[in-house]
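Okay, here's what each chain looks like letter by letter:
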Amino acid sequence: MLVRTGHSPPNLVSTAAAGAVAMAAAMGFGRFSYTPILPGMISGVPLSAADAGFIASANFVGYLVGAVLAAYGWAAGRERLVTLLSLLATAILLAAMAATDSVAIFAVIRFLAGIASAFAMVFTSSIVLSHGAAAGNDHVQAAHFGGPGAGIALSSVMVFLIGLGFHDGPGGWRADWIGGALYCAASLVVVFLLLPSSPAQSPQSGKEPALVWNRPMVLLTLSYGLFGFGYVITATFLVTIARLSATGPFVEFLCWFIAGLTAAVALFAWKPLVKPLGLGGIYVAALLVEAAGVLATVALPASAAPLIGGALFGATFLAITAYGLQIGRKLSPDSPRRILAMMTAAFGVGQIVGPVVAGWIAERTGSFTVPTMIAAAALVACAASYPFWKSSIEENSPMNSVDQSETDDLKSP
């Protein structure tokens, strides 16, 4: 049960809109726009596949560092200010990417951008989701977490239109980063106007007990780390795979655009299946669908592979994130934030390692086929762990409302 601060509750529509816009900027542009911009950087800078993987991993390291730092209490009462400063930093750092062609400087900028994205993600979520939970309205949560998908779709449109204007010349990638910076700057104004001044208050307090590790918790945490590895290779290199297949700029645009659209509606689409399948069943189903999508990017004919792969990827990665963390909470109900932190750390390690491994293998084999097959196998392995921990959670758990602890579980996609 949450109680609101202030004398009147905020408008939930404007609150959800603020969350969606902030998430689109911080995640869709600040974190994931690297994917559609990367092919232009590979040819225009130029970058090797290993360079590209290294730069991507630097961003994920920054995101992990930011998520860990955000877990401490230093920002209590300053959540709105930190959110706005993080969005400002995101805009500045995106623009900075256009000012260099050094791999080392790219990596530093993307590391800092990862920290800014994590701060914006955590502190925007703490405000928006708490007010949705206080009102018992889980549509706020779904709209908020649709923001990254909307940002992914918009970033793909931006890169496509800039590519047309610059005829995909060697300097087009610089314009892509500047365009993203301008979008984030505009988003900052919208969030400033719409975001509530503070989170709704929660009566929950006190230090959580230490985690008591058992086999189900260990296996789920390892599974979640493998998911981080398996999803991130497609998340980083999907458009580059389309470029290497010579599918043309429209297919390159469309695959990431479709991924964004499906991600934007993913939680709405999966929610009706939670009751019949249970949290564990839906986690496994989404993993297997994502594995099929990842494999499709290199197994199907070149004209269809990135489109089908992008659609299945977008439809699943946020759902796996959300429901996997809720399972973790059920396995450790007395220490939900501690298990969230451990699972997020495992996920972070997986997504840091993934681009480096994929870039290294691709550089030596000349394609992303082998690393993509490894990623699909990792996702299948995640699903295969299910029988070893399914008895430890309540299957067919209803998710008809969102309480505060559940919204905390959804802050780390």
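Refer to the structure presented above.
Residues numbered from 1 in each chain as written. Predicted model: local features only at pLDDT ≥ 70, side-chain atom pairs only at ≥ 80, totals over all residues. Heavy atoms only, no water.

Asker: Teacher, can you tell me more about the overall build of the protein chain here?
Answerer: Scanning the protein chain from terminus to terminus reveals 15 helices and zero strands. The proportion of buried residues among the 413 residues of the protein chain is 58%. A total accessible area of about 15500 Å² is found for the protein chain, and carbon and sulfur atoms account for 70% of it. (Helix = DSSP H or I, 4+ residues; strand = E, 2+ residues; numbered from the N terminus. Buried < 20%, exposed > 50% of the residue type's maximum accessible area, 1.4 Å probe, protein only. Areas by Shrake-Rupley, 256 points an atom, 1.4 Å probe, with all protein chains shown as cover.)

Asker: Looking at this model, I keep getting lost on empty space enclosed by the protein. Mind explaining?
Answerer: One water molecule sets the probe size; rolling that probe over the atoms shows where empty space is left. Within the structure shown, the criterion is met by three cavities of 30 Å³ or more. By volume, the largest cavity amounts to about 70 Å³. Lining the largest cavity are Arg31, Phe32, Tyr34, Thr35, Ile55, Ala56, Asn59, Phe60, Arg110, Ala235 and Thr236. The set of elements that each furnish at least two residues to the lining of the largest cavity consists of α2 (34–44), α3 (49–70) and α8 (215–244). Looking at the lining of the largest cavity, the element that brings in the most residues is α3, giving four residues. (1 Å grid on protein atoms, 1.4 Å probe; cavity = no way out; pocket = protein on both sides within 12 Å on 5 of 7 lines; lining within 4 Å. Points joined across faces, edges and corners; volume = space filled by probe spheres on them.)

Asker: Before we go on, may I ask you to explain the packing of helix α1 (residues 12–29) against helix α7 (residues 172–194) in this structure?
Answerer: Packed helices, taken two at a time, are described by the angle between their axes plus the distance between the axes. Where α1 contacts α7, the axes come no closer than 9 Å and their chain directions differ by 155°. As summarised for this structure, α1 and α7 are arranged roughly antiparallel, according to the angle between their axes. Both α1 and α7 take part in a crossing whose hand is left-handed. Seen from α1, the contacting residues are Ser14, Ala17, Ala18, Val21, Ala22, Ala24, Ala25 and Phe29; seen from α7, they are Gly180, Tyr183, Cys184, Ser187, Val190, Val191 and Leu194. The class makeup of the residues in the contact of α1 with α7 is 12 nonpolar, three polar and no charged. (Axes fitted to C-alpha atoms, helices over the stretch in contact; angles between N-to-C directions. Parallel < 35°, antiparallel > 145°, perpendicular 65-115°, else oblique. Left-handed = near helix turned anticlockwise from the far one by under 90°. Contact = heavy atoms within 4.5 Å. Nonpolar A, V, L, I, M, F, W, Y, C, P; charged D, E, K, R; others polar.)

The values reported here are purely geometric and, on their own, carry no functional implication.
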